[in-house]
Amino acid sequence: MTRKDPLARKTPSTTKRMILMLIAVVVIFGGVFAVKAIMSKGMNDFFDTMPQPAAAVTDWTAKQEEWIDAQQAVGTFVAINGTDVTTEAGGVVRSLSIDVGKPVKAGTVLAQLNSANELAVLKSLEASAKLAAVQRDRWQALARDKLVSQAEAEERATVAATSLAQVEAQRALIAQKTIRAPFDGVLGIRKVNLGQYLNPGDAIVSLQALDPIYLDFTLPEQRVGQVLPGAKIRATVDALPGQVFEGEVTAVEPQVDPATRNFKVQATLANGEYNLRPGAFAHVGFDTGDARKVVVVPQTAISFNPYGNAVYVIQEVQRAAGEKDMQGNDLTGKKLVVRQRFVKTGATRGDLIAVTEGLKPGERVATTGLLKLRNDAEVVVNNKVQPVTEAQPKPENR
């Protein structure tokens, strides 16, 4: 029988080996995570205490101005009288007297259609009317002498009147072959040629009365009662930059369009030089109240947000003890900081906007670099490049 050696090493069990391995893994990874946590905390402490560089901004001092409440709209110029001159009767164009692009007076002959056949018929009708008139007079004389009945005399008078009416109708038909300007205006480009056959209703030339001229524009129903006949308006057109045309409201549509909830307004403007043309687009401005005092700042100073508009007010404060710069040097004296303040805004005018609440005249606000600002952030003012702040900007047309 074999005896066991008491000095022989016992083989550790599988469970014991697994426990030892887990302990080793925990110790190793725990050390790694501990070192990482210590490093992260050190970095966070460093960045938390690291001095932030001052943000460069431009500034503007809020000022008080007198503004008159004004509204803007877009409109279209419409001729007081404008039409395509047409013909009531058909025929071949025999002559044209259209001076393209020139003003004409009412009644000026523009075109003549061939009327030779109608003139021949007119001569025949005139002869018949003359004979009927002679017979009427003769039968009336016989009726006075009781040689014919009064009924026969009246019948002859009716025939004479009918003949005369036929003559007048033929003359009217001939007159339709002469096309005249229906009103004073400026001629456009002719649309017919000599020898061309025209049907009734065919356009011959455009005729537009340009002085004065209407300006039609629409306003929302909230403006009902703010624009009345006699109110002054200003109009500008893109084709004539820098020029302002003044006019007067002459009519206000009494009905509000139920589809758009807008109503139509018509103004009249002098147009002696024919600079304004029917169909042209116009920007319309008009005043709706008296002058009032408002605090204005550039629109770039406003941080527009869904939850409210805000500005960053620049203030000078004393530095706290122990403040250092990026190189670790001590900082003393005063510094500029920004503090966010919610405001209420009103009307705009060019690059400026009115602040109705939250800002006083004389306070400095940041106008650029708003995205990198936060409450109590230090700033440095650099106004070498300022944003445009004009009430009536005039950008170049490139």
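Residues numbered from 1 in each chain as written. Predicted model: local features only at pLDDT ≥ 70, side-chain atom pairs only at ≥ 80, totals over all residues. Heavy atoms only, no water.

**Section: the packing of aromatic side chains**
Overall, the coordinates contain two aromatic pairs when judged by the stated rule. Plain terms: the ring middles of Tyr307 and Phe342 are 6.0 Å apart, the flat faces sit at 70° to each other, and that makes the pair edge-to-face. Separated by 35 residues along the polypeptide, Tyr307 in the loop between β16 (281-298) and β17 (309-318) and Phe342 in strand β18 (residues 334-349) bring together distant segments of the chain. On the accessibility criterion, Phe342 (47% relative accessible area) is partly exposed. (Phe/Tyr/Trp six-rings, centres within 6.5 Å; stacked < 30°, edge-to-face > 60°. Helix = DSSP H or I, 4+ residues; strand = E, 2+ residues; numbered from the N terminus. Buried < 20%, exposed > 50% of the residue type's maximum accessible area, 1.4 Å probe, protein only.)

**Describing unusual backbone geometry**
For the bond running from Asp211 to Pro212, omega is -5°, close enough to zero to count as cis. Relative to the assigned elements, Pro212 resides in the loop between β11 (203-208) and β12 (213-220). The phi angle at Arg261 is positive, at roughly 60°, despite the residue not being glycine. Here Arg261 is to be found in the loop between β14 (245-252) and β15 (262-269). The exposure class assigned to Arg261 is partly exposed, which follows from its relative accessible area of 48%.

**A few points about the side chain of Ser303**
With respect to the helices and strands, the residue Ser303 is situated in the loop between β16 and β17. Discounting residues that sit within four places of it in the chain, Ser303 has contacts with Gly308, Asn309, Ala310 and Leu370. (Contact = heavy atoms within 4.5 Å.)

**Comments concerning the sheet that holds strand β7 (residues 109-113)**
If you trace the four strands from one edge of the open sheet to the other, you get β8-β7-β5-β10, paired in antiparallel fashion. Either end of the sheet is taken by a strand with one partner, and the two such strands are β8 (178-180) and β10 (197-198). Bridge analysis of strand β5 (residues 91-96) against β10 gives two bridges, and the strand direction is antiparallel. When the bridges of β10 are listed, Val92 appears paired with Tyr197. (Pairing = 2+ DSSP bridges.)

**So, the pairing of β5**
Sheet topology note: the β5/β7 ladder contains three bridges and is antiparallel. Its bridge partner lying in β7, Leu96 is registered against Ala111.

**Observations regarding the sheet that holds strand β6 (residues 103-104)**
One open sheet accounts for four strands, arranged β4-β11-β9-β6; its pairing is antiparallel. The sheet is open, and its two edges are formed by β4 (82-86) and β6, each paired on a single side. Taken together, the two bridges between strand β9 (residues 185-187) and β11 define a ladder with antiparallel strand orientation. Paired with Val186 across the strands is Gln208, a residue of β11.

**Digging into the pattern of salt bridges**
Within this structure, the stated rule accounts for 11 salt bridges. The residue Arg364 makes a salt bridge to Asp59 at a minimum N-O spacing of 2.8 Å. Of this pair, Arg364 sits in strand β20 (residues 364-366) while Asp59 sits in strand β2 (residues 59-61), and the two are 305 residues apart along the sequence. When the shortest N-O distance is used, the salt bridge between Arg136 and Asp137 registers 3.3 Å. (Salt bridge = Lys/Arg side-chain N within 4 Å of Asp/Glu carboxyl O.)

**Topic: helix α2 (residues 116-144)**
Over its 29 residues, α2 extends 43 Å from the first C-alpha to the last, a length consistent with the 42 Å expected when each residue adds 1.5 Å. Among the residues of α2, Glu118, Leu122, Leu125, Ala129, Ala132 and Ala143 are the ones counted as buried. Buried-residue contacts for α2 involve α3 (150-176). (Expected span 1.5 Å × (residues − 1).)

**Remarks on the pairing of strand β19 (residues 352-357)**
As judged from the four bridges shared by β18 and β19, these two strands associate in the antiparallel manner. Within β19, the residue paired with Thr345 across the bridge is Val355. Where β18 folds back on β19, the antiparallel hairpin that results is connected by two residues, among which Gly350 adopts a positive phi of roughly 65°.

**As for the packing of α2 against α3**
How two helices sit against one another is set out by the angle between their axes and by the gap between those axes. Two elements in contact, α2 and α3, have axes whose closest approach is 8 Å; the angle formed by their N-to-C orientations is 160°. As the angle between them shows, α2 and α3 are arranged roughly antiparallel. Of the two possible hands of crossing, α2 and α3 adopt the one that is left-handed. Along the lines of polarity and charge, the residues of the contact of α2 with α3 split into 17 nonpolar, seven polar and six charged. (Axes fitted to C-alpha atoms, helices over the stretch in contact; angles between N-to-C directions. Parallel < 35°, antiparallel > 145°, perpendicular 65-115°, else oblique. Left-handed = near helix turned anticlockwise from the far one by under 90°. Nonpolar A, V, L, I, M, F, W, Y, C, P; charged D, E, K, R; others polar.)

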